[in-house]
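What the coordinates show
Each chain, letter by letter, is given below.
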Amino acid sequence: MNQTNSNRSHDSFWESFRRIKALVIKEYFQIIRDPSTFLISFILPAILLFIYGYGVSLTITNLRIGLYLEDTSPEAISFAQSLTSSPYFEVSIGQSRQELEDQLMRGNIRGMIIIPQYFSLFRGGQEQLAPIQVIADGSEPNTARFVQNYIQGAWLSWINSENILGSERGRALVEIEPRYWYNEELESRNFLLPGSLGIIMTLVGTLLTALVVARDWERGVMEILLSMPLSIIEMMVGKLLPYFILGMLSMCAATAAAVWIFHVPLRGSILLLILVSGVFLISALALGLLISTLAKNQFVAAQAALVAAFLPGFMLSGFLFEIASMPWPIRAITTILPVRYFVSSLQTLFLVGNIWPLILYDMAMMVLISGFLCFLISQFTVRRLD
Amino acid sequence: MISRILTLIYKELWAVWGDKKSRFILIIPPLMQLFIFSFAATLDVQNVSIGVVNRDNGERSIELLARFQGSPVFSHITYLDSVDQITPFIDNQKGVMVVSIDEQFSRDLDASAPAKVQLILDGRKSNTAQILMGYASLIVNQFSQDYASVVSVTAPTTTLIQRYWFNPNLIYYWYNVPSMVAILTMVVALLVTGLSVAREREMGTFDQLLVSPMTPMEILLGKIIPAIFIGMAGATLILIAGIFAFRIPFSGSLILLYISLFVFVSSVVGVGLFVSSLSNTQQQAILGTYLFLSPSVLLSGFATPIENMPHWLQMASYINPLRYILVIVRGIFLKGVNTEVVLENLWPMAIIAVVSMLLSSFFFRHRLE
């Protein structure tokens, strides 16, 4: 009795293996016959890495600012010189206030500094401070804030150097020693590239899967598959396994490019990186499958993948914009996005190392979300069979 | 001819609008994205947790730390007992920054010797770290100056008067919402055109169009006009939401904005048709669309300024229509720019529109023959 039972389960395991294998072979041919699959798994990631590696830089070097001196006292000129010699600014000297305002309106300069006529007058007095006007183009707040901060920094160091020249005692009383751990040079690409791997995996995992399965629904292939002696689990595994492998290959290629071409340090273990990526990829695939199951139409699936995976990966994953600074409803949304946990793990594995508590927590969250997505998929697929 | 094109336009619009899911996907997601991303996409930093190690515990250091506590940027301050706790604190992302004050701090200050404050920042989030460092140095410098004027060393004689024009309170969504008008319009227009021909090819209805008495030019126009119409409708929807729900000040001319959006949508539709003319299946069309979409958003100057990019990428961004419309939309919303500035950014998009449409019509005809 026991013997037959175990035999039967043994058989059914092989049966199910055989069925999954057949489905995998079918998907395999579908993948290699369409060049667009190759395009999205290797070419698009390469382009994205390239752009993040070279194009997206948060390090400001040449802020274009305008300067207009209504007052030409020695102090004003000394301040102007300290600005023009700074590597952060590209200073253009204006001939009039009007000219600079016009340049600011056109967006040719990011901000302007005006030393007013009454600058020397005020400077002589005891009570009042001599004003320097700094106007930044607020229509681009990020740059505007940089402009104001950098000009303030230049002003402070100018004061300090003036004081040192003027009197012996005056120097900065409190010195700041900043230390940027794990990215000492503040290289933008060192933290952008690991984060962008999250977006690349989303492309393969969610977008490609959503499209492929939606196409199968559109063409009626799914109905045929559902009518076959396949369980839903077998079908999901057979459908997703080829894309899982494709996604992992794409991930390996992207990691190799990041490490060898862009020289991003990889301080954690590769095995752990592969494990974390695998866990994330499962959640991405599950999301893709859910989208296609609900959409059944490639146009809708493409839009939904864009909204549910690609743009959140870019905007809400914390790799470019700080999650803590977002308003609370949006922070709440980010907690259900697997990509958020993946980006945190990626940045840690690349730049810091194997920080187990953090990575285990991230993985646990991703597993939880994948489980929930799989539950939803099985719910919706069963209903369709009715 | 006109009536034949009109029929085709009607059919195209119906293909998108008649399907409940397509209709839903054209309206709801752009609005959702507008609301979520407008509030999310900020490089500013607020509400972050930081750690503090104070080995000094003198009067001066407590005074300095009180200033950190008073700042709205730092929502939660954790006091660490020793330097050894800094590494686990940063590594496990309990906070992005640790302020470390050594045992000499108060003594040095009272002796008018330079005192040191160490800031340890998490380089994994280099951008946030740099901005935090900016805030922290403002606090420390202010403290230093105030202290100097109390003990009358030397007080500065100049002052900076800092102002932000066009957006005095530096509200980030004033920047994001106008940018989103352009980006989301582009997404809608690109997907509609990118897929329209490919879907017909895949379903075989394109052959039916070809055997109908329509010329290739008429078919092309029948694809372009409804796509522009849908793109403009999408833009209008987002504009209305931006002006009435977000209350973004609108200081320029609405007519100029619509003319610019029209040229922009035409250029996007041209690119979409070009992608469509090259692809055989919907999947290829969608992937081609993404291939254009992601670089053009990343290199548009929306997230990071174009002048930060290397020279040759700046050159490449000249063929990106999004680059120009972002300047126009922001300019018209916030700055109220004049016609001259708009025209400067309008003609490159017009060229992109014409070139891409000519190219796609060439490829269509090429493939039809």
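Residues numbered from 1 in each chain as written. Chains lettered and ligands numbered in written order. Predicted model: local features only at pLDDT ≥ 70, side-chain atom pairs only at ≥ 80, totals over all residues.

Here's the deal with the domain arrangement of chain B
Think of interface size as the accessible area that goes away when the parts come together; that is how it is often given. Definition in use: The source of the domain bounds is an automatic or database domain assignment.
We note that the domain assignment places domain 1 (8-41 + 170-368) and domain 2 (48-150) within chain B. On a C-alpha basis, the centres of domain 1 of chain B and domain 2 of chain B stand 47 Å from each other.

Quick look at the nonpolar core
Operational definition: Each nonpolar core reported here comprises buried Ala, Val, Leu, Ile, Met, Phe, Trp, Tyr and Cys residues connected via C-beta atoms within 7 Å. Residues are called buried when their C-beta atom has 20 or more other C-beta atoms within 10 Å, exposed when it has 12 or fewer, and partly exposed otherwise; all C-beta atoms are positioned from the backbone. Secondary structure counts use DSSP, requiring at least four H or I residues in a row for a helix and at least two E residues in a row for a strand, with both numbered from the N terminus. Whether two residues are in contact is decided by their C-beta atoms, placed from the backbone, lying within 7 Å.
Counting residues in each nonpolar core, the largest one holds 156 residues, and the members touching the most others are A:A301, A:A305 and B:A189. At 20 residues, helix α7 (residues 172-203) of chain B tops the list of elements feeding residues into this core. With residues up to four places along the chain from it excluded, the contact list for A:A305 reads A:T206, A:L207, A:A210, A:G288, A:I291 and A:F310. Judged by nonpolar contacts, the second largest core, of 31 residues, contains A:L173, B:L64, B:V117 and B:I139.

A look at the sheet that holds strand β3 (residues 97-101) of chain B
Condition: Strands were regarded as paired on the criterion that DSSP finds at least two bridges between them. Note on definitions: angles span 0 to 180 degrees between N-to-C directions of axes, and those axes are lines fitted to C-alpha atoms, for helices only across the stretch in contact.
Across the sheet, 5 strands lie side by side as β5(A)-β4(B)-β3(B)-β1(B)-β2(B); this open sheet has mixed pairing. What marks the edges here is a single partner per strand, and that holds for β5 (174-181) of chain A together with β2 (74-80) of chain B. Going across the sheet, the axis of each strand differs from the next one's by a mean of 25°, ignoring polarity. With 5 bridges connecting them, β3(B) and strand β4 (residues 115-122) of chain B associate as antiparallel partners. Across the sheet, B:V99 pairs through a bridge with B:L119, a residue of β4(B). Across the face of the sheet, helix α6 (residues 126-150) of chain B comes into contact with β5 of chain A together with β1 (48-54), β3 and β4 of chain B while running at roughly 170° to β5(A).

A look at the sheet that holds strand β4 (residues 130-137) of chain A
Sheets are built from strands paired through backbone hydrogen bonds, the pairs being either parallel or antiparallel. Read from one edge of the open sheet, 5 strands run β2(A)-β1(A)-β3(A)-β4(A)-β5(B), paired in mixed fashion. For this open sheet the edge positions go to β2 (89-93) of chain A together with β5 (158-165) of chain B, each flanked by a neighbour on one side alone. Strand-to-strand, the axes of this sheet are offset by a mean angle of 25°, without reference to chain direction. Across the sheet, helix α3 (residues 74-84) of chain A is in contact with β1 (63-69), β2 and β3 (111-115) of chain A; its angle to β1(A) comes to roughly 165°.

Details of the environment of A:V134
For A:V134, the location among the structural elements is in strand β4. The sequence separation of A:V134 and A:Q98 amounts to 36 residues, and the corresponding C-alpha distance is 15 Å.

Considering unusual backbone geometry
Negative phi characterises most residues that are not glycine, and trans characterises most peptide bonds. Residue and element names in this part refer to chain B. Positive phi, close to 55°, is recorded for Q93, a residue that is not glycine. On the secondary structure map, Q93 appears in the loop between α4 (86-91) and β3. Phi at R247 is positive, roughly 55°, even though this residue is not glycine.

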